[in-house]
Amino acid sequence: MSKQGETTDEAGGAAPGAHGSLPKYLTGFGFAVLLTLTSFWAAGTHLVWAPGVPVLLAALAIAQMGVHLVYFLNVSSAPDQTNNFLALAFGIFVVGLVVFGSMIIMANLNANMMPMEQLIQMQR
Amino acid sequence: MSALEATGTSAPLPDYEIPFSRRGPAATRDVVAFGFWLFLLSDIVIFATLFAGYAVLSGQTARGPTGVELFDRGRVLLETACLLTSSFTCGLFAMSCVKRIRAATYLWGAVTFLLGASFIALELSEFARLIAQGAGPTRSAFLSAFFSLVGTHGLHVTIGLCWLLVMLAQVATLGFRPKILRRLLCFSLFWHTLDIVWIGVFTIVYLGAH
């Protein structure tokens, strides 16, 4: 390993995943295990009002994704991470657009569809 | 502002205090990791389209079996435990790589591989069970969407396992060169991202089954 190789390769901390340390991984793992177990518990419990369960599951999943991003991928909003963070924000935007856009459009189409019996009658 | 006063002295400033015009080129590792991060985000967009397809089609069972009848939560919890723990050991693997400790690198690499392989084995046996029950991907739109989404994730994990073996071989033959360390960094990013996708899969597909 040349000296120069080290300076160009280890100087920057701007890479995602560059700041890993044992306490950080352990904390992240602890949070992730807790959130996963809560998710599985919430899906089968009767303690929570049934229509509220999907919302609870979504909140737990988003929290766990956040834990993974912060503790495992080490993405943060630190000044040297602007590029990574902006790319992530754009990714989340596209994902939201694709998923919720498709769901709204398809639900709308489905609601406006002619009932199957009428469709069959028209084809006769 | 102290940054302006300090410009003349020899005290090194943090990168973000220096104007862009004086920073010089970014470190190779930062550029590589950023490029790979963009790839991962585009990969997540692929998964987003599959999730959208699943969300739209999950009710279209064509009078066939529904998710609640098919899925076994105990098995999913076991799969999740495998993948989550492998994500953690992958972090330890990446850390031993940075510290250039060979024994720890091989150990955590092997543990990560075994946990990932158990995940794939559990998933394949689940697929085999579903197909044996007559609930294969051709049964209904719901099952087509299910097999595409979960299968694409499984395919990613399989590719990740091959990549991990290649990286361990490269560490053994080439050692911890900067180039190898950059590849190891990309691998750990890939592995953690697959775990993030799995959170979406187990929440929406398995726990959200109705």
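Here's a quick rundown of the structure. Keep in mind it's a predicted model, so treat the numbers as computed, not measured. (Residues numbered from 1 in each chain as written. Chains lettered and ligands numbered in written order. Predicted model: local features only at pLDDT ≥ 70, side-chain atom pairs only at ≥ 80, totals over all residues. Heavy atoms only, no water.)

## Regarding the overall build of chain B
- The helix and strand tally for chain B stands at seven helices and zero strands.
- Mapped from its N terminus to its C terminus, chain B presents α and β elements in the order α-α-α-α-α-α-α.
- Relative to its length of 210 residues, chain B is extended, with a C-alpha radius of gyration of 22 Å against a globular reference of 17 Å.
- Taken over the C-alpha atoms alone, chain B extends approximately 75 × 40 × 25 Å along its principal axes.
- The 210 residues of chain B split such that 49% are buried.
- Long-range contacts, defined as pairs at least 24 residues apart, comprise 78% of the intrachain contacts of chain B with a sequence gap of at least 6.
- Here chain B contributes 15 positive and 11 negative side-chain charges, whose respective centroids are spaced 9 Å apart. (Helix = DSSP H or I, 4+ residues; strand = E, 2+ residues; numbered from the N terminus. Rg over C-alpha atoms; globule rule 2.2 N^0.38 Å. Buried < 20%, exposed > 50% of the residue type's maximum accessible area, 1.4 Å probe, protein only. Contact = heavy atoms within 4.5 Å. Lys, Arg positive; Asp, Glu negative; His and termini not counted. Charge placed at Lys NZ, Arg CZ, Asp CG, Glu CD.)

## So, unusual backbone geometry
All names here are of chain B.
- Not every positive phi belongs to a glycine, and arginine 63 is a case in point at roughly 60°.
- Take arginine 63: it is sitting in the loop between helix 2 (28-57) and helix 3 (67-70).
- Even without a glycine there, the phi angle at arginine 100 is positive, about 55°.
- Examined against the element boundaries, arginine 100 turns out to sit in the loop between helix 4 (73-98) and helix 5 (102-132).

## Remarks on the interface of chain B and chain A
- Counting residues at the interface gives 44 residues for chain B and 49 residues for chain A.
- Each partner contributes to the roughly 4,000 Å² buried at the junction of chain B and chain A, and carbon and sulfur atoms together form 79% of this total.
- Applying the counting criterion to the chain B and chain A interface returns zero salt bridges.
- Our enumeration of links across chain B and chain A arrives at two residue pairs in polar contact (both at pLDDT 80 or more).
- Secondary structure elements with two or more residues in the side of chain B that touches chain A: helix 2, helix 4 and helix 7 (178-207) of chain B.
- The biggest single contributor to the side of chain B that touches chain A is helix 2 of chain B, with 16 residues. (Buried area = accessible area lost by both parts, 1.4 Å probe. Salt bridge = Lys/Arg side-chain N within 4 Å of Asp/Glu carboxyl O. Polar contact = N/O pair within 3.5 Å; in protein donor to acceptor, adjacent residues only side chain to side chain.)

## Quick look at the side chain of threonine 36 of chain A
- Secondary-structure assignment places threonine 36 of chain A in helix 2 (residues 22-44).
- In terms of polar contacts, threonine 36 of chain A uses its side chain to reach the backbone carbonyl oxygen of alanine 32 of chain A, at 2.7 Å.
- Those residues within four positions of threonine 36 of chain A in sequence are excluded, and the remaining contacts are Gln64 of chain A together with Leu77, Thr80, Leu84 and Phe202 of chain B.

## Here's the deal with the environment of leucine 88 of chain A
- Within the secondary structure, leucine 88 of chain A is located in helix 4 (residues 82-112).
- The spatial distance from the C-alpha of leucine 88 of chain A to the C-alpha of valine 75 of chain A is 8.9 Å, given a sequence separation of 13 residues.
- Ignoring anything within four residues of it in the chain, the contact list for leucine 88 of chain A reads Leu69 and Val75 of chain A together with Trp37 and Leu41 of chain B.

## What to know about helix 5 of chain B
Residues and elements named next belong to chain B.
- Across its 31 residues, helix 5 extends 44 Å between first and last C-alpha, which sits within 8% of the 45 Å expected from 1.5 Å per residue.
- Among the residues of helix 5, those classed as buried are Thr105, Gly109, Thr112, Leu115, Gly116, Phe119, Ile120, Leu122, Glu123, Glu126, Phe127 and Leu130.
- Structurally, helix 5 contributes buried residues whose contacts are with helix 3, helix 4, helix 6 (141-174) and helix 7.
- Phi turns positive one or two residues past the end of helix 5, at glycine 134, with a value near 85°. (Expected span 1.5 Å × (residues − 1).)

## Considering empty space enclosed by the protein
All names here are of chain B.
- The full count for this structure, using the stated rule, is one cavity of 30 Å³ or more.
- Computed from the structure, the largest cavity encloses a volume of approximately 30 Å³.
- At the level of secondary structure, the elements contributing two or more residues to the lining of the largest cavity comprise helix 2 and helix 7.
- Of the residues that constitute the lining of the largest cavity, the class distribution is six nonpolar, one polar and one charged. (1 Å grid on protein atoms, 1.4 Å probe; cavity = no way out; pocket = protein on both sides within 12 Å on 5 of 7 lines; lining within 4 Å. Points joined across faces, edges and corners; volume = space filled by probe spheres on them. Nonpolar A, V, L, I, M, F, W, Y, C, P; charged D, E, K, R; others polar.)

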